[in-house]
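Coordinate analysis (summary)
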Amino acid sequence: MKTDWWKDAVVYQIYPRSFQDSNGDGIGDLNGIRMRLDYIRELGADVIWLCPVYASPGADNGYDISDYYAINPDFGTMEDFDGLLAEAHSRGIRIVMDLVVNHTSDEHSWFQKSRESRDNPYRDYYIWRDEKPNNWQSWFGGSAWEYDTQAGAHYLHIFAKKQPDLNWENPRLRQEIYEMMSWWLEKGVDGFRMDVISLISKPDPIPRTEETDLSPACINGPRVHEYLREMNKEVLARYDMMTVGECPGVTVEEAKKYAGAGRNELDMVFSFEHTGLTDGIYGKWTDRKTPLPALKQVFSHWQTEMRDTAWNCLFWSNHDQPRAVSKFGCDLPEYRDVSAKMLGLCLYLMQGTPYIYQGEELGMANAGFFDLAQYRDLESINAYHALVGSGTLDKRSMLNYLACVSRDNARTPMQWSSALYGGFSTAAPWIGMGKNWRSANVEREEGDPDSVLSFYKKLIAFRKGNPLIRDGSFRLLWPEHEKIFAYERSYKGQSLLVLCNFSAETLPLPETPDYSEHRIALSNMPMEHTRGSLRPYEALAVCR
């Protein structure tokens, strides 16, 4: 029987390449994750979202899959995966796989066969056109249409040219995907995080246009909900599992279509409104700070509008986003820990399922890279060459933007100890260590009751099984205040007041709420609180 267990879950996202290396080759692997399952359980998380571990040539760090039924040798074997799954389940930890079905690798057998001839049955698994129908630009730079000499035609790729888009109009392709999903679920996995699932439906016919932006045509495409309802009927409804869709550009109204009660599509979707508040004339490439009133408005809108109709995902960061403490808090040494705790308290006491990205619970900061040679991320490297090569930006400005928002900020190795390479590996890692690995690591924080890690354990324990957190209403306080984020949760006569200072100043509250100090359920500071004001980056949760 299908249940909504995921509403009470805490999800811990793992980027396998950077989590724990077990064999000394500088690359994280499945057996490394097995070594750390007790750490995840003790944190309080009970679901692991595993970024792709399938066979892949690695053009986009595993999001270019060449075989959905095989494990990337960098990460181990299928036997290793089965062992990880069994050991996780024995600890009460579920595993959710990344599902990447908007595109494959160009090295996938489907694509190789589709190139062979126009009458090959796999030809229609991808989107081929004899001539480029339009001027769409890939999200990774350059044309979204690539000419293939063997096929004598152009194929569509929203992302890298080694990531050809699948043609979901083809019912045979859809059945192959559903069979693959069922295979993994029969193996025992507990659900799917669906990569860019809002892009799978392309307009038919492909429009002829001079427009370069493909987003209006491809995001929330014409048949996307039909496909997801079919997927639900064919696969998802048959298992007690969770699904979460990555939906770029999703609005609240669209989210209700993807994940609304009774829609028979997905359980929840990721919204990126809050991460996109800093976007500027060069898209994500900026060093702007997030304006707090706008951030509050986004969260308040999703909390109030999704209530009783759909379910929220709560996340600050992931494998594609900068580190939370660097983007939304302050990663200077004097404020890093306290602001990292403040961010956790602020977000994870809202309604929804928390997604904690590996190292967030330690206060891991952005990488601190200063040279292009340190980067491994294809998107970042392509953007640098496009913007600097065209003279749009100078090298110094672009390197500054990369240091703020490159995806590699999230992909530096997990910081386990102060030992060489942070306890991640005995060999030089595939990517450099982050800048704060000696000060923010598990070994240092596990024994410290005032550490970020210890605070996250308290925070997770507080929200687990708490009906006020799961089901309570949300009311934003002082929406225009530029430095204080405050809200109230209420449920059956109980309420919880959350007060968070997003600045390095001591601030008076606009009004002094009625509460006594002994009712403070959570605080990110060990010292006594002064009612009516908040110290730099102070955060409180007060029962009323």
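Residues numbered from 1 in each chain as written. Predicted model: local features only at pLDDT ≥ 70, side-chain atom pairs only at ≥ 80, totals over all residues. Heavy atoms only, no water.

Here's the deal with the side chain of Arg 123
Turning to its location among the elements, Arg 123 is positioned in the loop between helix H4 (109-114) and strand E6 (128-129). For Arg 123, which is buried and forms no salt bridge, the nearest opposite charge comes from Asp 130, at a distance of 5.3 Å. Once you skip the residues sitting within four places of it in the chain, Arg 123 turns out to touch Ser 114, Arg 115, Ser 117, Arg 118, Trp 128, Ala 151 and Ala 153. (Helix = DSSP H or I, 4+ residues; strand = E, 2+ residues; numbered from the N terminus. Buried < 20%, exposed > 50% of the residue type's maximum accessible area, 1.4 Å probe, protein only. Lys, Arg positive; Asp, Glu negative; His and termini not counted. Salt bridge = Lys/Arg side-chain N within 4 Å of Asp/Glu carboxyl O. Contact = heavy atoms within 4.5 Å.)

Remarks on the sheet that holds strand E15 (residues 484-491)
Strand order in the open sheet formed by five strands is E14-E15-E16-E20-E18, with antiparallel pairing between adjacent strands. Strands at the two margins of the open sheet, each flanked by one partner only, are strand E14 (473-477) and strand E18 (520-523). Across the sheet, the mean angle from the axis of one strand to that of its neighbour is 15°, orientation sign disregarded. Of the strand pairs in this sheet, E14 and E15 are connected by five bridges, and their pairing is antiparallel. Its bridge partner lying in E15, Phe 474 is registered against Arg 489. (Pairing = 2+ DSSP bridges. Axes fitted to C-alpha atoms, helices over the stretch in contact; angles between N-to-C directions.)

Section: the packing of aromatic side chains
In the structure shown here, the tally under the stated rule is 35 aromatic pairs. Ring centres 5.2 Å apart and planes at 75° place the aromatic pair Phe 19 and Trp 416 in the edge-to-face group. Linking Phe 19 in the loop between strand E1 (11-14) and helix H1 (30-35) with Trp 416 in the loop between helix H13 (395-405) and helix H14 (442-446), this pair joins segments that are 397 residues apart in sequence. Neither residue differs from the other here; Phe 19 and Trp 416 are each classed as buried. Their ring planes at 90° and their centres at 5.6 Å tell us that Phe 299 and Trp 316 sit as a pair that is edge-to-face. (Phe/Tyr/Trp six-rings, centres within 6.5 Å; stacked < 30°, edge-to-face > 60°.)

Re the nonpolar core
Looking at soluble globular proteins, one finds that nonpolar side chains tend to be buried together. Leu 50 and Met 181 are the most contacted members of the largest nonpolar core, which totals 158 residues. With eight residues, the top contributor of residues to this core is helix H11 (residues 336-348). Discounting residues that sit within four places of it in the chain, Leu 50 has contacts with Ile 14, Pro 16, Leu 30, Ile 33, Phe 81, Leu 84, Ile 95, Val 96, Met 97 and Asp 98. Counting residues in each nonpolar core, the second largest holds 15 residues, with Ile 127, Trp 145, Ala 160 and Val 196 among its members. (Core = buried A, V, L, I, M, F, W, Y, C linked by side-chain atoms within 4.5 Å.)

As for the pattern of salt bridges
The final tally for this structure, using the stated rule, is 41 salt bridges. A salt bridge links Glu 253 to Lys 256; its shortest N-O distance comes to 3.5 Å. Here Glu 253 and its partner Lys 256 are both found in helix H8 (residues 252-259), three residues apart, which amounts to about one turn of the helix. Among the ionic pairs, Lys 256 bridges to Glu 305, the shortest N-O distance being 3.7 Å. Here the residue Lys 256 occupies a position in helix H8, and Glu 305 occupies one in helix H9 (residues 292-306), the gap between them amounting to 49 residues. Residue Glu 305 is classed as partly exposed on the basis of its relative accessible area, which comes to 33%. Residues joined in a network through salt bridges with shared partners are Asp 60, Lys 284, Asp 320, Asp 377, Glu 379, Arg 407 and Arg 411.

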